[in-house]
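Summary of the model geometry
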Amino acid sequence: FGGSVLVPMAFMPPALGGFAVLPSFGLGATLLGCAVTLAYVCVLRARGVVVNVGTWHVVPSGLASGVCWNAGNACSIYAISYAGINYGVAYP
């Protein structure tokens, strides 16, 4: 999965590639993460399971992890697009 995250960049015009795609990656991950979580909670509630979604004190930690993940995407884009390290980028 790791290397396929940047596959959509291959279909972008060169003028729109590079760092211009980062906002769409971040927004897409945020929206899809919320949609999957909401669907999961709805399924559990339909089955009669009491769902404790948690408290708001975990939100800053989640947002910080998303910022770190997107910083990793930025570094991958730099390495692939500008530093010429096409095949040396892989997630552990």
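See the structure shown above.
Structure report, in brief. A quick note: this is a predicted structure, and the numbers were derived from the prediction, not measured.

1. Observations concerning the overall build of the chain
Each helix and strand counted, the chain has two helices and zero strands in total. Counting across all 92 residues of the chain, residues that qualify as buried make up 15%. The contacts in the chain between residues at least 6 apart in sequence include a share of 55% that link residues at least 24 apart. Total accessible area on the chain is roughly 7,000 Å²; 73% of this is exposed by carbon and sulfur atoms.

2. Considering the nonpolar core
Membership of the largest hydrophobic core is limited to six residues, which are Met9, Val21, Leu22, Phe25, Ala74 and Ile77. Put simply, the parts of the chain that give this core at least two residues each are α1 (22–46) and α2 (59–82). Apart from residues lying up to four places away in sequence, valine 21 is in contact with Met9, Met12, Leu16 and Ile77.

3. Here's the deal with the packing of α1 against α2
Relative orientation of the contacting elements α1 and α2 amounts to 150°, with a least axis distance of 10 Å. Handedness of the crossing formed by α1 with α2: right-handed. Taking contact as the criterion, the partners of Leu22, Phe25 and Gly26 in α1 are, on α2, Asn70, Asn73, Ala74 and Ile77. Tallied by class, residues from the contact of α1 with α2 come to four nonpolar, three polar and no charged.

4. A look at a nonpolar patch on the surface
Taken together, the side chains of Trp56, Val58, Val59 and Leu63 define a hydrophobic patch exposed on the protein surface, amounting to about 460 Å² of accessible area. Within the secondary structure, tryptophan 56 is located in the loop between α1 and α2. Its relative accessible area of 74% is what places tryptophan 56 among the exposed residues.

5. Quick word on α1
An ideal rise of 1.5 Å per residue puts 36 Å on 25 residues; α1 measures up with 36 Å between its terminal C-alpha atoms. Residues of α1 that are buried include every one of Leu22, Phe25, Val41 and Leu44, and no others. Buried-residue contacts for α1 involve α2. Glycine 48 sits one or two positions beyond α1 and adopts a positive phi of about 85°.

6. Here's the deal with α2
Relative to the 34 Å expected for 24 residues at 1.5 Å per residue, α2 spans 34 Å between its end C-alpha atoms, a close match to the ideal helical length. Within α2, the full set of buried residues consists of Asn73, Ala74, Ser76, Ile77 and Ala79. Tucked inside the fold, the buried residues of α2 contact α1.

Conventions we followed
- Residues numbered from 1 in each chain as written.
- Predicted model: local features only at pLDDT ≥ 70, side-chain atom pairs only at ≥ 80, totals over all residues.
- Heavy atoms only, no water.
- Helix = DSSP H or I, 4+ residues; strand = E, 2+ residues; numbered from the N terminus.
- Buried < 20%, exposed > 50% of the residue type's maximum accessible area, 1.4 Å probe, protein only.
- Contact = heavy atoms within 4.5 Å.
- Areas by Shrake-Rupley, 256 points an atom, 1.4 Å probe, with all protein chains shown as cover.
- Core = buried A, V, L, I, M, F, W, Y, C linked by side-chain atoms within 4.5 Å.
- Axes fitted to C-alpha atoms, helices over the stretch in contact; angles between N-to-C directions.
- Left-handed = near helix turned anticlockwise from the far one by under 90°.
- Nonpolar A, V, L, I, M, F, W, Y, C, P; charged D, E, K, R; others polar.
- Patch = residues over 30% accessible without salt bridge, like charges linked within 9 Å, V, L, I, M, F, W, Y side chains within 5 Å.
- Salt bridge = Lys/Arg side-chain N within 4 Å of Asp/Glu carboxyl O.
- Expected span 1.5 Å × (residues − 1).

Just distances and angles here, no functional claims.
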